[in-house]
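What follows is the residue order along each chain.
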Amino acid sequence: MSAPADPRTTETVDLLDPGLLADPFGGYARMREEAPLVRALFPGAASPVWLVTRYDDVKRMLSDQRFVNDPANVPGMDVGDIRRQIIRARGIPPEYAKYILGSVLDADGADHMRLRRLVSRAFTARRVAGLRPRVAEITESLLDGLPAAAEDGVVDLLERFTYPLPITVICELVGIPEEDRPRWRSWGRALVSTEPGAMAEPLREMVAHIGELIVRRRAEPEDDLLTGLIRAHDEDGDRLSDVEMVTMVLTIVLAGHETTAHLIGNGVAALLTHPGQLALLRDDPELMPRAVHELMRRYGPVQMTRMRYATEDLTIGGMPVRRGEAVTAVLVSADHDPREFPDPDRLDITREPDGRRENHVGFGHGLHYCLGAALARQEAEVALGALLRRFPDLALAVDPADLERQPLPGAWRLARLPVRL
Ligand code: HEM
């Protein structure tokens, strides 16, 4: 017997629908106009999730403490069942689930504050500004290598530039030695793969690797994040457990490179296909911070947040959400909501009136707002600025319609970015 129909909506969106993957902007525009909440099925999940589609609702929901990230904080909820679903859907070996499900992103309240505070000092605007010269140096040395890497004048900018830059920056910050960085890059790729079971082996290797690094760093402390975490663990053990220490490194390295690589990649592709905007930026490099805000809004690489769970019956945009139900903020939908951004599909790097204010939600909103936002923005500013300066004739090497994207639900990422220098 089928379950009784839920009167709230008739449609259930399949997030792997090829039409939606190819054109999330059009797909979410339709949903957003239809209803503030749309029911969706995540790949591998048994129960549906409510997608929050409108800008105001997204901001309100992400700052509403009645929603939690850890389902264990919902009174009376069978958390085991949800965890089993997530573990099964993502192909995580059960004994490794603790490293994936216990991150700062999955924590609420005092636990979340404790975890976030341990690392937030490394990511303040001031600390990030201090890294700028080093980010510029890494950028220049990668750009030096581009001409020699070109074959028949063509180079894949993702492979040679937009990936290596953020992985180098985040690994230096954390304290991962140079020889180990290529492995992190391939682990990062494996983790976003939609192939069943693709996550198991990389996860085992990453956890083992972090364990070895901790042993080494304990013997030889350095001025890096890893050393800071070891101190927090060893000197004040109840502030950070063994598992939490590994999970934090895993979270920061993974969150810190894939996303930034694709912000820069999407940004280059967008500028090369919008010659008017590119000319504006070339004429006035001071526009760069604004351009990065607008590129994040228009082509942000992360299109939805993690799931939140309602701790009580409530409403979003006038539609009821019941206790225990899961909701996800569709950031790409909020950032194309014409109620907030007039003519939302137009890329306009002069859009922000004061040039600094960030009103898009591509980095999230509320207590879980991206820890690395200032760093990611800075890397994008430095990378795009240097690339445009060094290569005045930079152009796509393929027809824009042939730019291949990764078929990932909730993400907007290129598979390759072939350019002529
Ligand atoms: C959280 C996006 C770069 C570390 C988030 C969230 C988003 C996001 C949307 C909130 C998720 C949610 O609420 O469910 C991005 C994008 C990036 C980027 C688009 C690049 C363009 C980085 C970098 C780091 C980082 C460079 C390195 C430290 C984190 C962490 C969280 C987070 C640790 C969890 C914060 C918390 O739960 O309190 N990011 N991120 N991200 N991001 Fe980023």
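Details of the structure are given in the entry above.
Residues numbered from 1 in each chain as written. Predicted model: local features only at pLDDT ≥ 70, side-chain atom pairs only at ≥ 80, totals over all residues. Heavy atoms only, no water.

1. Describing the overall build of the protein
Next, step 1: A count of helices and strands for the protein gives 17 helices and 11 strands.
Next, step 2: For the C-alpha atoms alone, the extent of the protein along its principal axes is close to 65 × 55 × 40 Å.
Next, step 3: Counting the 421 residues in the protein, one finds 53% classified as buried.
Next, step 4: Approximately 19000 Å² of the protein is accessible, and the part contributed by carbon and sulfur atoms is 51%.
Next, step 5: Taking the average location of the 52 positive side-chain charges in the protein and that of its 65 negative ones, the two points are 2 Å from each other. (Helix = DSSP H or I, 4+ residues; strand = E, 2+ residues; numbered from the N terminus. Buried < 20%, exposed > 50% of the residue type's maximum accessible area, 1.4 Å probe, protein only. Areas by Shrake-Rupley, 256 points an atom, 1.4 Å probe, with all protein chains shown as cover. Lys, Arg positive; Asp, Glu negative; His and termini not counted. Charge placed at Lys NZ, Arg CZ, Asp CG, Glu CD.)

2. Quick word on the coordination of the iron atom of the ligand
Next, step 1: Of all protein atoms, Cys 370 (SG) alone acts as a donor to the iron atom of the ligand, lying 2.3 Å away.
Next, step 2: Mapped onto the fold, Cys 370 is located in the loop between helix 16 (331-334) and helix 17 (373-390). (Donors = N, O, S within 2.8 Å, 3.2 Å for Na, K, Ca; no water.)

3. Some thoughts on the sheet that holds strand 1 (residues 12-14)
Next, step 1: Spatial strand order, 1-2-3-9-6-4: 6 strands in an open sheet with mixed pairing. Both edges of this open sheet fall to strand 1 and strand 4 (67-68), since each of them pairs with a single strand only.
Next, step 2: By the bridge criterion, 3 bridges tie strand 1 to strand 2 (residues 37-41) in an arrangement that is parallel. In the strand pairing of strand 2, Asp 14 is matched with Leu 41.
Next, step 3: Across the sheet, helix 3 (residues 55-62) is in contact with strand 3 (49-52), strand 4, strand 6 (308-310) and strand 9 (326-329); its angle to strand 9 comes to roughly 120°. (Pairing = 2+ DSSP bridges. Contact = heavy atoms within 4.5 Å. Axes fitted to C-alpha atoms, helices over the stretch in contact; angles between N-to-C directions.)

4. Describing the sheet that holds strand 10 (residues 395-396)
Next, step 1: In space, the 3 strands of this open sheet follow the order 5-11-10, with antiparallel pairing throughout. Each edge of the open sheet is held by one strand with a lone partner, namely strand 5 (154-156) and strand 10.
Next, step 2: By the bridge criterion, 2 bridges tie strand 10 to strand 11 (residues 418-420) in an arrangement that is antiparallel. Residue pairing across strands places Leu 396 opposite Val 419, the latter belonging to strand 11.

5. So, helix 9 (residues 164-174)
Next, step 1: Extensive coverage of helix 9 is indicated by the burial of 10 of its 11 residues.
Next, step 2: Inspection of helix 9 places Pro 164, Leu 165, Pro 166, Ile 167, Thr 168, Val 169, Ile 170, Cys 171, Leu 173 and Val 174 among the buried residues, and these make up the whole buried set.
Next, step 3: Looking one or two residues past helix 9, Gly 175 carries a phi angle of roughly 105°, positive in sign.

6. Focus on the pattern of salt bridges
Working definition: two side chains of opposite charge can pair if their charged atoms are close together.
Next, step 1: Enumeration according to the criterion identifies 28 salt bridges in this entry.
Next, step 2: For the salt bridge of Asp 111 with Arg 114, the shortest nitrogen-to-oxygen distance reads 3.1 Å. Taken together, the residues span about one helical turn, with Asp 111 and Arg 114 both in helix 6 (residues 109-120) at a distance of 3 residues.
Next, step 3: Residues Arg 216 and Asp 180 are paired through a salt bridge, measuring 3.8 Å at the closest nitrogen-oxygen approach. Of the two residues, Arg 216 is situated in helix 11 (residues 200-219) and Asp 180 in the loop between helix 9 and helix 10 (181-191); the sequence distance between them amounts to 36 residues.
Next, step 4: A relative accessible area of 8% means that Asp 180 is categorised as buried.
Next, step 5: Salt bridges sharing partners connect three or more residues here, namely Arg 32, Glu 33, Asp 337 and Arg 339. (Salt bridge = Lys/Arg side-chain N within 4 Å of Asp/Glu carboxyl O.)

7. A closer look at unusual backbone geometry
Next, step 1: Even without glycine at this site, Asp 152 takes up a positive phi of about 55°.
Next, step 2: Mapped onto the secondary structure, Asp 152 falls in the loop between helix 7 (125-149) and strand 5.
Next, step 3: Judged by its relative accessible area of 76%, Asp 152 falls in the exposed class.
Next, step 4: The backbone of Asp 343 sits at a positive phi, close to 50°, despite the residue not being glycine.
Next, step 5: With respect to the helices and strands, the residue Asp 343 is situated in the loop between helix 16 and helix 17.

8. Examining the packing of aromatic side chains
Next, step 1: One pass over the full model with this rule turns up 6 aromatic pairs.
Next, step 2: An angle of 80° between the planes, with centres 5.1 Å apart, marks the rings of Trp 184 and Trp 187 as edge-to-face. Note that Trp 184 and Trp 187 are positioned in helix 10 at a spacing of 3 residues, about one turn of the helix. The pair Trp 184 / Trp 187 is uniform in exposure class, with both members buried. (Phe/Tyr/Trp six-rings, centres within 6.5 Å; stacked < 30°, edge-to-face > 60°.)

9. Focus: the side chain of Asn 359
Next, step 1: By the element assignment, Asn 359 lies in the loop between helix 16 and helix 17.
Next, step 2: Owing to a relative accessible area of 9%, Asn 359 belongs among the buried residues under this scheme.
Next, step 3: A distance of 3.4 Å separates a polar atom in the side chain of Asn 359 from a polar atom in the side chain of Glu 340. (Polar contact = N/O pair within 3.5 Å; in protein donor to acceptor, adjacent residues only side chain to side chain.)

Everything listed here is a matter of coordinates, which is why it stays silent on function.
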